[in-house]
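Chain and residue survey
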Amino acid sequence: MTLLTLHDIGHAFFGRTILEGIDLAVGPGEIVSLLGPSGSGKSTIAHIAAGLIDQKEGRVARCYQRHAMVFQEPRLMYWATVGENIGFPLRLMGTPRRHRAQRIEAAAIRAGLLPEDLEKFPVELSGGMRQRAAIARALVNEPDFIYFDEPFSALDVALKRRMQDLVIASSAGERFGALFITHDIMEAIRISHRILVLAHDGQGIAGERRMADEPGKRSEEKSFALRQAFLDRDPLFAHIHEIDERARP
Ligand SMILES: Nc1ncnc2c1ncn2[C@@H]1O[C@H](COP(=O)(O)OP(=O)(O)OP(=O)(O)O)[C@@H](O)[C@H]1O
Ligand SMILES: [Mg+2]
């Protein structure tokens, strides 16, 4: 069973081809990373998959009930409290107010916020706490699929790791499928069941690597060794390294 399948997706902006022949599938409880250099079309794939934009070619099959999205920036409503932000998807779904509070608090606690944080405004939170609020908002209506578009790129290494652990634990607990976009090989290794690598200029998926064990069960040593092996010896990752080095000094 798959929750999301992209068949031969192609896209162009203003006549410039961005994506060609993109095929991918994600199953329940599976975290699939999509790795590619900046500008290779990763966000465009997520937007097409989630139905935010229409593809020019190919077909998207969504077999999930409800999806959520987490972006690089938290995208919180600055005029609303953290609690109101987290509860926004419940309001959209028409959940009665009396049922919202408990679910908001539960999602916030799972994301590592405290009940008293719910009364604050986003401006009063640190960057990491804002991203926690964005994750709580994604989890609050129990989606069976989540799109993550470089959600932790702006966070420092230690915080990034804690947030990755949160995604790993939530996905394992709730069995949501996830498409996790990143340009960070280490992040892809830590978080995913499979890593898909975008070809140069978005011309399809160049290949995939399946991890031997479950996310969260890999030691740091093993993850670092795997990263080094990918970069040193695996041709699939050669262009990521080169282009990333230039594009992101
Ligand atoms: N709305 C748009 N209109 C025109 N061009 C666009 C639009 N969105 C993206 N592009 C172009 O499509 C290409 C792919 O963009 P996309 O944002 O999907 O890349 P990305 O892999 O997510 O990059 P990054 O890692 O920097 O986020 C880029 O060349 C970008 O300039
Ligand atoms: Mg992007």
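Note that the structure is predicted; figures quoted are calculated from it, not measured. (Residues numbered from 1 in each chain as written. Chains lettered and ligands numbered in written order. Predicted model: local features only at pLDDT ≥ 70, side-chain atom pairs only at ≥ 80, totals over all residues.)

Further remarks concern the pairing of strand β8 (residues 194-198). The buried fraction of β8 amounts to four of the five residues, a majority that puts the element mostly inside the structure. For strand β3 (residues 31-35) and β8, the ladder comprises four bridges, and the chain directions are parallel. Note that in β8 the partner of V32 across the bridge is R194. (Buried ≥ 20, exposed ≤ 12 C-beta atoms within 10 Å, placed from the backbone. Helix = DSSP H or I, 4+ residues; strand = E, 2+ residues; numbered from the N terminus. Pairing = 2+ DSSP bridges.)

Within the largest apolar cluster, 62 residues are counted, with the highest numbers of intra-cluster contacts made by L35, A136, I146 and L179. For this core, the leading source of residues is helix α4 (residues 127-139), giving seven residues. (Core = buried A, V, L, I, M, F, W, Y, C linked by C-beta atoms within 7 Å.)

The next point concerns the sheet that holds β8. Whether parallel or antiparallel, the strands of a sheet pair through hydrogen bonds between backbone atoms. Strand order across the open sheet formed by six strands is β5-β6-β7-β3-β8-β9, with mixed pairing between neighbours. Of all strands in the sheet, those bounded by a partner on one side alone are β5 (67-70) and β9 (205-210). With direction set aside, neighbouring strand axes in the sheet form an average angle of 15 degrees. Looking at chain direction, strand β6 (residues 145-149) and strand β7 (residues 177-182) are connected through five bridges and run parallel. Within β7, the residue paired with D149 across the bridge is I181. (Axes fitted to C-alpha atoms, helices over the stretch in contact; angles between N-to-C directions.)

Moving on, we get to the confidence of the model for the protein. Mean pLDDT over the protein: 92, with 96% of residues reaching 70 or higher. Considering each helix and strand of the protein separately, the mean pLDDT is smallest for helix α8 (residues 238-247), with a value of 58, and largest for strand β4 (residues 57-62), with 98. Note on residues 244-249: pLDDT is under 50 here. Beyond four places in sequence and across chains, it has five contacts. (pLDDT = per-residue confidence, 0-100. Contact = placed C-beta atoms within 7 Å.)

With that settled, the discussion passes to α4. Residues spaced three or four apart along an α-helix face the same direction, because each turn holds 3.6 residues. With 13 residues, α4 extends 19 Å from end C-alpha to end C-alpha; this agrees with the ideal 18 Å at 1.5 Å per step. Among the 13 residues that make up α4, eleven are buried, leaving the element largely enclosed by the rest of the structure. Here the buried face of α4 lies against β5, α2 (82-92), α3 (97-110), β6 and α5 (157-174). (Expected span 1.5 Å × (residues − 1).)

Next up on the list: the environment of A106. Mapped onto the elements of the fold, A106 is located in helix α3. For A106, a count of 13 C-beta atoms within 10 Å corresponds to the partly exposed category. Through-space distance from the C-alpha of A106 to that of L226 is 36 Å; in sequence the pair is 120 residues apart.

Looking at where E30 falls in the secondary structure, it is placed in the loop between β2 (16-26) and β3. E30 sits in the buried class, given 20 other C-beta atoms within 10 Å. Spatially, the C-alpha atom of E30 lies 7.2 Å from that of F176, the residues being 146 residues apart in sequence. Beyond its immediate sequence surroundings of up to four residues, E30 is in contact with G177 and H193.

Among the five residues in β3, five count as buried, and that is most of the element. Residue alternation in β3 divides its side chains into two sets, I31, S33 and L35 and V32 and L34, and both sets are buried. In the sheet, β3 pairs with β7 via five bridges, with the strands oriented parallel. Looking at the pairing, S33 lines up with F180 of β7.

Once that is clear, we can look at the packing of α2 against α4. Direction vectors running N to C along α2 and α4 enclose 30 degrees, while the axes themselves pass 7 Å from each other. Relative to α4, the element α2 lies roughly parallel. When the axes of α2 and α4 are compared, the crossing they make is right-handed. When α2 is examined against α4, the residues V82, N85, I86, F88 and P89 are found in contact with a partner set consisting of A133, A136 and R137. Classifying every residue of the contact of α2 with α4 gives six nonpolar, one polar and one charged. (Parallel < 35°, antiparallel > 145°, perpendicular 65-115°, else oblique. Left-handed = near helix turned anticlockwise from the far one by under 90°. Nonpolar A, V, L, I, M, F, W, Y, C, P; charged D, E, K, R; others polar.)

This paragraph deals with the site of ligand 1. Taken together, F13, F14, I18, G36, S38, G39, S40, G41, K42, S43, T44 and H183 make up all the residues around ligand 1. For the shell around ligand 1, the element with the highest residue contribution is helix α1 (residues 42-49), accounting for three residues. The residue inventory of the shell around ligand 1, partitioned by class, reads three nonpolar, eight polar and one charged. (Near = placed C-beta within 6 Å.)

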